[in-house]
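# Analysis of the macromolecular model
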Amino acid sequence: MPASPTAYAIATKWAAYRKHRPPAAHRQDIADQVQSHLDHGADPTYLERVAWWMAVEQPTWFDLSLAMTMSGAPQPDPTTAPGARRCPCRGVLAAA
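Calculation criteria
Residues numbered from 1 in each chain as written. Predicted model: local features only at pLDDT ≥ 70, side-chain atom pairs only at ≥ 80, totals over all residues. Heavy atoms only, no water. Salt bridge = Lys/Arg side-chain N within 4 Å of Asp/Glu carboxyl O. Helix = DSSP H or I, 4+ residues; strand = E, 2+ residues; numbered from the N terminus. Buried < 20%, exposed > 50% of the residue type's maximum accessible area, 1.4 Å probe, protein only. Axes fitted to C-alpha atoms, helices over the stretch in contact; angles between N-to-C directions. Parallel < 35°, antiparallel > 145°, perpendicular 65-115°, else oblique. Left-handed = near helix turned anticlockwise from the far one by under 90°. Contact = heavy atoms within 4.5 Å. Nonpolar A, V, L, I, M, F, W, Y, C, P; charged D, E, K, R; others polar. Core = buried A, V, L, I, M, F, W, Y, C linked by side-chain atoms within 4.5 Å. Phe/Tyr/Trp six-rings, centres within 6.5 Å; stacked < 30°, edge-to-face > 60°.

The next thing to look at is the pattern of salt bridges. Summed over the entire model, instances satisfying the criterion amount to one salt bridge. Between K13 and E48 there is a salt bridge, and its shortest N-O distance comes to 3.2 Å. Highlighted residues: K13 in helix 1 (residues 5-17) and E48 in helix 3 (residues 44-57), separated in sequence by 35 residues. For K13, a relative accessible area of 35% gives the class partly exposed.

Here's what the structure looks like:
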């Protein structure tokens, strides 16, 4: 499934937050990762916060799911991440 405008917007913001702009292929990869999380109900605001954290605190990382699991990363609000799929974008209180 192609990435949505929301996924591209988050990836574009991620690129803008970085000190050095990444190649388009990296932005596309981040957009695809964001879309994967959006497809199972992740909160776009949370994904944007993680993208900001990853760009500023860990600029050499290109894995959104890894960033979500790291100490110091923003955590999702469990009340805005309902669903049956267990994923870091849903928080530790998500249903198994």
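Helix-helix packing is characterised by the crossing angle of the two axes and by the distance between the axes. With their axes 8 Å apart at the nearest point, helix 1 and helix 3 run at an angle of 25° to one another. One element, helix 1, and the other, helix 3, form an angle in the roughly parallel class. At the point where helix 1 passes helix 3, the crossing takes the right-handed sense. In contact with T6, I10, K13, W14 and Y17 of helix 1, helix 3 contributes P44, L47, E48, A51, W52, M54, A55 and V56. Its residues assigned to classes, the contact of helix 1 with helix 3 comprises ten nonpolar, one polar and two charged.

By size, the foremost hydrophobic cluster in this structure holds 25 residues, and its most contacted members are W14, V34, L47, M54, L64, M68 and C89. When contributions to this core are tallied by element, the ones reaching two or more residues are helix 1, helix 2 (24-39), helix 3 and helix 4 (64-69).

Using the criterion set out here, one finds two aromatic pairs in the structure. With centroids separated by 5.8 Å and ring planes inclined at 75°, the aromatic side chains of W14 and F62 adopt a geometry described as edge-to-face. Of the two residues, W14 sits in helix 1 while F62 sits in the loop between helix 3 and helix 4, which places them 48 residues apart along the sequence. The class for F62 is partly exposed, based on a relative accessible area of 28%. Residues W53 and W61 carry aromatic rings whose centres are separated by 5.9 Å and whose planes lie at 65° to one another, so their mutual orientation is edge-to-face. Owing to a relative accessible area of 18%, W61 belongs among the buried residues under this scheme.

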